[in-house]
Protein chains: 2
Amino acid sequence: MNCPACGFAESKVVDSRPVNDGASIRRRRECLQCQKRFTTFEIMESVQIFVIKKNGEKQLFDKSKLLVGVLKATQKRPVNAEEIVNQIEQELQNTLRHEITSGELGEMVMDILRERDEVAYVRFASVYREFNDIDTFMSELKSLKRRQSRKKAD
Amino acid sequence: MNCPACGFAESKVVDSRPVNDGASIRRRRECLQCQKRFTTFEIMESVQIFVIKKNGEKQLFDKSKLLVGVLKATQKRPVNAEEIVNQIEQELQNTLRHEITSGELGEMVMDILRERDEVAYVRFASVYREFNDIDTFMSELKSLKRRQSRKKAD
DNA sequence: GAGGTTGACACAAGATATTGTGTTTTTTCT
DNA sequence: AGAAAAAACACAATATCTTGTGTCAACCTC
C-alpha cells in the first residue's frame, strides 16, 4: 500500500475495524518511511456481470434494460416487475458469475414469471423464445397446462 | 467481510497480492461457512481525482462541471445526464486512478453516450473533438451508421 | 450545548495474513 | 486462433494484523 504522502511502498496497520455492518474493513495505516497515517478500505470486488448475446457480443448487465422487457410482459398483471428484476440481480450476485448468456437470463425471468403469473409468463416467453408460429406457441401453452394440472394434483 | 454468497461474517485470506504497482491489495478470501471464495480490494480512501487539461493545468474533478457539458448534449433527449455523470465518477473511483486527462474524460462520456443516444453523442462529440470542418463530422456520422447497421444485423 | 455518532488513537495477547516460488486457468489482445 | 497477461490456486515459514476495551475530539441533530 503506497503511502499517499511520500509514495513509499511499505506501511503497517495501526487499527482495523469492520464497517458498514461487515460489508468492508477500514484500516488505519502508518507509512514506514515518513510515519504519515492514512486510511484504506477493503471492499468487495465490484462484480460486473456481462450478458453474452446470441451473436457473442458481451455487454454489461443493465438492470433497467431487463426491466423494460419484464414491464411489457407484466403490463396490467398483478406482478411487480421491479421486484423480479431485483431478485434476478440478487441471484446473479450470489452465484458470483460474471457472465450469463442472454438465453440463461431469459430462462431465469421465465422461471420466476411462471411461478407468479402465467399470463405474464406466456407473454414474456412469446417474445423471448420468438414464438413465430402458432405451433410452438401452442406447444408451450400445452406444457404450461400440464404443469398446472400437476400442481393441482399436489 | 461478509460472504457475498451466504452472508456469513467470517472469512479467511487465501491469497494476497499487491496490484497496480502497490496502489492496492487484492485478496482472495474463503468463507468459513460455505467455503465459497471471493475477491476483495484494499484501496486508498477516496482519493481526489485531478483532471489534466490540455495546457497541462491540473484541477480537481468537478462533477457539476462535467454535468453542464453532458446536459447540453442531452438537451431534449431521452437521456439522464446525471446518471451518466454518476457512472463516470463511479468508474473513476473503481479504476483507482488519481489523474485523468480531459481528453480521456471526454472519451469516457462519448463511450457512454454512443450507447445510449446517438444524437446526444454527436452533439457532445462535436464540441469535445472540436469538429471544425464538415469532413470530420461526416466521417464520424458514417462510422456511427456502420455501428448501427451492425447492431441491426443481430 | 447536551447527547449521539463516528473516526482517530493506544495497548496487548492471540489469531491470521504475507510473500516467494511455481503451476494452472482465464481473460485479453492481435 | 494463438500468444501474452492477469488471476486463481497451493504451500510453507515468517511477520503482521485483529479485536476488545477505553479515551478523546469533531461533527451533527435538536
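The structure under discussion appears in the preceding block.
Residues numbered from 1 in each chain as written. Chains lettered and ligands numbered in written order. Predicted model: local features only at pLDDT ≥ 70, side-chain atom pairs only at ≥ 80, totals over all residues. Heavy atoms only, no water.

Looking at this model, I keep getting lost on the overall build of chain A. Mind explaining?
Looking only at helices and strands, one finds five helices and six strands in chain A. From first element to last, N terminus to C terminus, chain A shows the α and β order β-β-β-β-β-α-α-β-α-α-α. The proportion of buried residues among the 154 residues of chain A is 33%. Contacts spanning at least 24 positions in sequence make up 40% of the contacts within chain A whose residues lie at least 6 apart. Here chain A displays about 9600 Å² of accessible surface, and carbon together with sulfur accounts for 50% of that area. (Helix = DSSP H or I, 4+ residues; strand = E, 2+ residues; numbered from the N terminus. Buried < 20%, exposed > 50% of the residue type's maximum accessible area, 1.4 Å probe, protein only. Contact = heavy atoms within 4.5 Å. Areas by Shrake-Rupley, 256 points an atom, 1.4 Å probe, with all protein chains shown as cover.)

What is the right way to look at the sheet that holds strand β3 (residues 37-44) of chain B in this model?
Strand pairs in the sheet, formed through backbone hydrogen bonds, run parallel or antiparallel to each other. If you trace the six strands from one edge of the open sheet to the other, you get β1(A)-β2(A)-β3(A)-β3(B)-β2(B)-β1(B), paired in antiparallel fashion. Of all strands in the sheet, those with a lone pairing partner are β1 (11-19) of chain A together with β1 (11-19) of chain B, marking the two edges. Each strand axis lies, on average, 25° off the axis of its neighbour in the sheet, ignoring direction. Pairing between strand β3 (residues 37-44) of chain A and β3(B): five bridges, direction antiparallel. The partner of F41(A) across the bridge, within β3(B), is I43(B). (Pairing = 2+ DSSP bridges. Axes fitted to C-alpha atoms, helices over the stretch in contact; angles between N-to-C directions.)

What exactly am I supposed to notice about the interface of chain B and chain A here?
Accessible area lost on assembly of the parts is the figure often given for the size of an interface. Across the boundary between the two partners, chain B contributes 23 residues, which contact 24 residues of chain A. Between chain B and chain A, roughly 2100 Å² of surface is buried when both sides are summed, and carbon and sulfur atoms account for 51% of that area. Area buried by chain B at its contact with chain A is led by M1(B), E42(B) and M44(B), which between them contribute 28% of it. Seen at the junction of chain B and chain A, the total is four salt bridges. In this structure, R27(B) engages E42(A) in a salt bridge whose closest nitrogen and oxygen atoms are separated by 2.9 Å. The interface formed by chain B and chain A includes 13 residue pairs in polar contact (both at pLDDT 80 or more). Secondary-structure elements contributing two or more residues to the side of chain B that touches chain A are β2 (24-31) and β3 of chain B. At eight residues, the largest contribution of residues to the side of chain B that touches chain A is made by β3(B). (Buried area = accessible area lost by both parts, 1.4 Å probe. Salt bridge = Lys/Arg side-chain N within 4 Å of Asp/Glu carboxyl O. Polar contact = N/O pair within 3.5 Å; in protein donor to acceptor, adjacent residues only side chain to side chain.)

Looking at this structure, how should I read the protein's contact with DNA strand D?
Near DNA strand D the following residues occur: K12(A), V13(A), D15(A), S16(A), R17(A), R27(A), D15(B), R17(B), R26(B), R28(B), R37(B) and T39(B). Restricting the count to atoms of DNA strand D within 4 Å of the protein gives a sugar and phosphate share of 70%. A distance of 2.7 Å separates a phosphate oxygen of DNA strand D from a polar side-chain atom of R27(A). Per-element tally for the surface near DNA strand D: the top contributor is β1(A), with five residues. (Near = heavy atom within 4 Å.)

For this particular structure, what's the right way to read the packing of helix α3 (residues 102-116) of chain A against helix α4 (residues 118-128) of chain A?
Describing two packed helices takes the angle between their axes plus the distance from one axis to the other. All names here are of chain A. Interhelical geometry of α3 versus α4 gives an angle of 160° and a closest axis separation of 7 Å. When the axes of α3 and α4 are compared, the pair comes out roughly antiparallel. Crossing geometry of α3 relative to α4 is assigned as left-handed. Contacts between α3 and α4 involve S102, G103, G106, V109, M110, L113, R114 and R116 from the first element and E118, A120, Y121, F124, A125 and Y128 from the second. Residues belonging to the contact of α3 with α4 are distributed by class as follows: eight nonpolar, three polar and three charged. (Parallel < 35°, antiparallel > 145°, perpendicular 65-115°, else oblique. Left-handed = near helix turned anticlockwise from the far one by under 90°. Nonpolar A, V, L, I, M, F, W, Y, C, P; charged D, E, K, R; others polar.)

How should the protein's contact with DNA strand C be read in this particular structure?
Neighbouring DNA strand C are 13 residues; R28(A), R37(A), S16(B), R17(B) and R27(B) lie closest to it. Among the atoms of DNA strand C lying within 4 Å of the protein, the sugar-phosphate backbone contributes 68%. Within the contact set of DNA strand C, a phosphate oxygen lies 3.2 Å away from a side-chain nitrogen or oxygen of R37(A). In this structure, T39(A) approaches DNA strand C through a side-chain N or O atom, which is 3.4 Å from a phosphate oxygen. Counting only elements with at least two residues in the surface near DNA strand C, the list comes to β1, β2 (24-31) and β3 of chain A together with β1 of chain B. The element best represented in the surface near DNA strand C is β1(B), accounting for five residues. Of the residues in the surface near DNA strand C, the class split is one nonpolar, two polar and ten charged.

Explanation requested: helix α3 (residues 102-116) of chain B in the structure shown.
Residues separated by three or four positions in an α-helix point in the same direction, a consequence of the helix having 3.6 residues per turn. Relative to the 21 Å expected for 15 residues at 1.5 Å per residue, α3(B) spans 21 Å between its end C-alpha atoms, a close match to the ideal helical length. Within the span of α3(B), buried status applies to S102(B), L105(B), G106(B), M108(B), V109(B), M110(B), I112(B), L113(B) and R114(B). (Expected span 1.5 Å × (residues − 1).)

Explain the pattern of salt bridges to me, please; I cannot follow it from the model alone.
Two side chains with opposite charge may pair up if their charged atoms get near one another. If you walk through the whole model with that rule in mind, you get eleven salt bridges over all chains. Connected through shared salt-bridge partners, R27(A), R29(A), E42(A), R27(B), R29(B) and E42(B) make up one network.

So what exactly am I meant to see when it comes to the environment of T39(B) here?
Mapped onto the elements, T39(B) comes out in strand β3. Accessibility expressed as a relative area gives 9% for T39(B), which makes it buried. For T39(B) and R29(B), which are ten residues apart along the polypeptide, the C-alpha to C-alpha distance reads 6.1 Å. Those residues within four positions of T39(B) in sequence are excluded, and the remaining contacts are M44(A), E45(A), R26(B), R27(B) and R28(B). One polar contact links T39(B) to R28(B), side chain to side chain, over a distance of 2.6 Å.

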